[in-house]
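Topology and contacts: notes
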Amino acid sequence: MYMSNIILTGDRPTGRLHLGHLVGSLFQRVQLQDSESYDEMYIEIADAQATTDNSGNIKKVKDNVIEVALDYLSCGINPEKCTIFLQSEVPELSDLTFYYMNLVTLSRLQRNPTIKQEIVFRNFKNSIPVGFMTYPISQAADITAFDANIIPVGDDQLPMIEQTREIVRTFNRLYGETLVEPNAVLPENTFCHRLPGTDGEAKMSKSLGNCIYLADSEEEVKKKVMGMFTDPNHLKVDDPGVTEGNPVFIYLSAFSKEEHFHKYFKNSETGEVEYNNLDELKAHYERGGLGDMKVKKFLNYVLQDILAPIRARRHELEKNIPEVYQILFRGSDKARKKAQETLERVKTAIGLNYRNDIELINEQVEKYALLHKEEN
Ligand code: TRP
């Protein structure tokens, strides 16, 4: 049997997208999209999921929908190939969530490592919103509604995919083969699973103020790069430096290509290339004699090369915001059609399809016919 390949990913619209998103997911999404080795591709702007910890600040969620959409489109997501949609525009997802909730225990949700971390990070203590606690179930609805089997995500999302797989297996066991079991796909470059912040913190995060955003201006990017945390013991240029865990070198591992070395380390007079690749640059830093300034300047050039075309596309798109909303609405209409079909299939599998269930109606007719016969 031919099994179609359906890709689905999503982001919560709680802020602009940054370099962490670029290496963690956006590059890979564009690559997948352009490979055309799939049947359908969806990207969900998970605005409903974003309300699970922002119920008092819906405006923030709404405002960031357009930011995230602009970021997608400027990175090269093509709405002709990839359906971008809004979660709140597909109410069938809530119906699916409602039925899946019966297939998951509370203690299973409480064991989800990402949920556990988020509870601490958000300081929920004993006031965890039920909607927040159950969002992994709603995410299973996001994925299964589209029969998606390929889910490109960062490693923090692995528990969500595992939860989805469990729900699919339980559902299919109880109600017959109905849902498709998804697989997570992580980015290939292991430096990309999680990009540290410019301050050396483990993760780029808006609340820590350590992000380089895709929409940052050239000057902002430069300022942030020049202020980056490096090896704190590398005080003098001649001191040996540590590259492992050093955010400047981690960024270079994630973004620099050999062409950058040939472009920016070439002596214009002699034509000689000072460093041919990252290994040579690292070796010099570790030996001593290579200053942070020089490495940061190079990183700035590399990032500007990558961000300039993205920034330029964003400027064009910003001139036609109503069209960006139309892209989201057209995508949502298409996504909703598909989710409606899946919901029909799910309700039929469970047996909650009264309108087409002639057998059930006949059964009730016979039951009452028998009853009245006995009365006569
Ligand atoms: N939980 C994801 C995040 O926080 C967003 C998301 C919602 C998602 N639905 C999804 C990711 C479905 C992958 C598949 O970034």
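Focus: helix α3 (residues 58-75)
Its 18 residues give α3 an end-to-end C-alpha distance of 26 Å, which sits within 8% of 26 Å, the value for a rise of 1.5 Å per residue. Asn-64 marks the point of greatest bend in α3, at about 25°. Along α3, 13 of the 18 residues are buried, which leaves the element largely enclosed by surrounding structure.

Notes on the environment of Pro-91
Along the chain, Pro-91 falls in the loop between β3 (83-86) and α4 (92-100). Separated by 245 residues in the primary sequence, Pro-91 and Arg-336 place their C-alpha atoms 8.0 Å from one another.

Quick notes on the layout of surface pockets
Within this model, the largest pocket holds a volume of roughly 1,500 Å³. What lines the largest pocket is a set of 49 residues, and nearest its centre among them are His-21, Glu-118, Asp-156, Gln-157 and Lys-203. Every element with two or more residues in the lining of the largest pocket is listed here: β1 (6-11), α1 (19-35), α6 (113-121), α8 (135-144) and β4 (150-152). No other element matches α1, which puts five residues into the lining of the largest pocket. In the lining of the largest pocket, the residues fall into 14 nonpolar, 19 polar and 16 charged. The space that makes up the second largest pocket amounts to roughly 770 Å³. In this structure, the second largest pocket is lined by 29 residues; those nearest its centre are Leu-22, Phe-27, Gln-28, Gln-31 and Lys-257.

Examining the domain arrangement of the protein
Here the protein is described as being made up of domain 1 (6-195 + 320-359) and domain 2 (218-317). In this structure, domain 1 and domain 2 have C-alpha centres spaced 35 Å apart. Roughly 1,400 Å² is buried in total at the junction of domain 1 and domain 2, and carbon and sulfur atoms are behind 70% of that figure. Counting across the interface, domain 1 meets domain 2 through two salt bridges. Between Glu-67 and Arg-314 there is a salt bridge, with its nearest N and O atoms 2.8 Å apart. Applying the counting criterion to the domain 1 and domain 2 interface returns four residue pairs in polar contact (both at pLDDT 80 or more). Those elements giving two or more residues to the side of domain 1 that touches domain 2 turn out to be α1, α3 and α15 (321-350).

How each quantity is defined
- Residues numbered from 1 in each chain as written.
- Predicted model: local features only at pLDDT ≥ 70, side-chain atom pairs only at ≥ 80, totals over all residues.
- Heavy atoms only, no water.
- Helix = DSSP H or I, 4+ residues; strand = E, 2+ residues; numbered from the N terminus.
- Expected span 1.5 Å × (residues − 1).
- Bend = angle between axes of the 7 residues up to and from the residue.
- Buried < 20%, exposed > 50% of the residue type's maximum accessible area, 1.4 Å probe, protein only.
- 1 Å grid on protein atoms, 1.4 Å probe; cavity = no way out; pocket = protein on both sides within 12 Å on 5 of 7 lines; lining within 4 Å.
- Points joined across faces, edges and corners; volume = space filled by probe spheres on them.
- Nonpolar A, V, L, I, M, F, W, Y, C, P; charged D, E, K, R; others polar.
- Domains from an automatic or database assignment.
- Buried area = accessible area lost by both parts, 1.4 Å probe.
- Salt bridge = Lys/Arg side-chain N within 4 Å of Asp/Glu carboxyl O.
- Polar contact = N/O pair within 3.5 Å; in protein donor to acceptor, adjacent residues only side chain to side chain.

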